[in-house]
Amino acid sequence: MCDVRRRGEDDLDDCLQVLAEVHKVDGYPVNWPVGPVDWLAGPTQLAAWVAELDGRIVGHAALAPAGAEDVAPVLWSSRTGTAVADTAVLSRLFVAPSARGHGIGGLLMSQAAREARERGLHPVLDVVAADSAAAAAALYERFGWNLLAVVDQRWSPDQTVKVHCYAAP
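Procedures and definitions
Residues numbered from 1 in each chain as written. Predicted model: local features only at pLDDT ≥ 70, side-chain atom pairs only at ≥ 80, totals over all residues. Heavy atoms only, no water. Pairing = 2+ DSSP bridges. Helix = DSSP H or I, 4+ residues; strand = E, 2+ residues; numbered from the N terminus. Axes fitted to C-alpha atoms, helices over the stretch in contact; angles between N-to-C directions. Contact = heavy atoms within 4.5 Å. Polar contact = N/O pair within 3.5 Å; in protein donor to acceptor, adjacent residues only side chain to side chain. Expected span 1.5 Å × (residues − 1). Buried < 20%, exposed > 50% of the residue type's maximum accessible area, 1.4 Å probe, protein only. Phe/Tyr/Trp six-rings, centres within 6.5 Å; stacked < 30°, edge-to-face > 60°. Lys NZ or Arg CZ within 6 Å of the ring centre and 35° of its normal. Salt bridge = Lys/Arg side-chain N within 4 Å of Asp/Glu carboxyl O.

Regarding the sheet that holds strand β6 (residues 146-156)
Backbone hydrogen bonds are what pair the strands of a sheet, in a parallel or an antiparallel way.
Link 1 in the chain: Read across the sheet, seven strands follow the order β1-β2-β3-β4-β5-β7-β6 without closing on themselves; strand pairing throughout is mixed. In this open sheet, the two edge strands, each paired with only one partner strand, are β1 (2-6) and β6. On average, each strand axis in the sheet is inclined to that of its neighbour by 30 degrees, with strand direction left out of account.
Link 2 in the chain: Inspection of the sheet shows strand β2 (residues 47-53) paired to strand β3 (residues 56-65) by seven bridges, in the antiparallel sense. Across the sheet, the residue bridging to alanine 48 is alanine 62, located in β3.
Link 3 in the chain: Seen against the sheet, helix α3 (residues 72-80) touches β4 (87-95), β5 (122-128), β6 and β7 (159-167) and runs at an angle of roughly 140 degrees to β6.

Re the side chain of glutamine 159
Link 1 in the chain: Checked against the element boundaries, glutamine 159 lands in strand β7.
Link 2 in the chain: A polar contact is formed between the side chain of glutamine 159 and the side chain of asparagine 31, at a distance of 2.7 Å.

A look at helix α4 (residues 104-118)
Link 1 in the chain: Taking 1.5 Å as the rise per residue, α4 with 15 residues should run 21 Å; its terminal C-alpha atoms sit 21 Å apart, in good agreement.
Link 2 in the chain: Ile104, Gly105, Gly106, Leu108, Met109, Gln111, Ala112, Ala113, Glu115 and Ala116 are the residues of α4 that are buried.
Link 3 in the chain: Taken together, the buried residues of α4 touch β1, β2, β3, β4, β5 and α5 (134-142).
Link 4 in the chain: Positive backbone phi, at 75 degrees, marks glycine 120, one or two positions downstream of α4.

Regarding the packing of aromatic side chains
Link 1 in the chain: Applying the stated criterion to the full structure yields two aromatic pairs.
Link 2 in the chain: Between tyrosine 140 and tyrosine 166, the aromatic rings sit 5.5 Å apart at their centres with planes inclined by 65 degrees, giving edge-to-face as the arrangement. Of the two residues, tyrosine 140 sits in helix α5 while tyrosine 166 sits in strand β7, which places them 26 residues apart along the sequence. With respect to class, tyrosine 140 is no different from tyrosine 166; both count as buried.
Link 3 in the chain: Between the NZ or CZ atom of arginine 92 and the centre of the ring of tryptophan 39, over which it lies, the distance is 3.9 Å.

With respect to the pattern of salt bridges
Any two side chains of opposite charge can pair if their charged atoms end up close together.
Link 1 in the chain: Counted according to the given criterion, the structure contains six salt bridges.
Link 2 in the chain: Linking arginine 5 and glutamate 52 is a salt bridge whose minimum nitrogen-to-oxygen distance equals 3.1 Å. With arginine 5 in strand β1 and glutamate 52 in strand β2, the pair connects residues that are 47 residues apart, well separated along the chain.
Link 3 in the chain: Put simply, arginine 119 and glutamate 115 hold a salt bridge, and the shortest N to O gap is 2.9 Å.
Link 4 in the chain: Note on glutamate 115: relative accessible area 8%, which makes it buried.

As for the pairing of β5
Link 1 in the chain: For β5, a buried count of six out of seven residues is recorded, marking the element as mostly surrounded by other parts of the structure.
Link 2 in the chain: Bridge count for β4 against β5 is three bridges, and the pairing is parallel. Along β5, the bridge assignment pairs threonine 87 with histidine 122.

Quick look at the environment of alanine 68
Link 1 in the chain: Secondary-structure assignment places alanine 68 in the loop between β3 and α3.
Link 2 in the chain: Judged by its relative accessible area of 86%, alanine 68 is exposed.
Link 3 in the chain: Between the alpha carbons of alanine 68 and serine 110 there is a distance of 25 Å; along the sequence they are 42 residues apart.

Laid out in structure tokens, this is it:
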């Protein structure tokens, strides 16, 4: 059985091992971060969770306030007439390839969306449009998340990526 709980400081090493496996198999994150711990557990996060299966960490999700680089909150705000500050971004969502098919991604998404709503925020997210992201997009849509737009986002002077932006129902 899978258990979802708040991420603790002592979970970060296990989370990074899972993230490295996901990066190797799926290419997520697209660019391996220079400081993986800071990327995973940034100081602005509102909350983060891990999923455990058979006593080992196999998944992760975080919730953060909208940042300057986030497109989905701006799209949601313009569509609904609400403030960008009234959104929360579901991010750092990943599940170990060996643990997929147990509904872990959905459990993590549901937990993050519930937390956002408890804080009076509307959950949004984005995903890089790539072959490996098709399963992620299918998961979001299966849970009723709405595609807001597909946009080109400049990550650096040399890198522009196509991003699918979603909002929770």
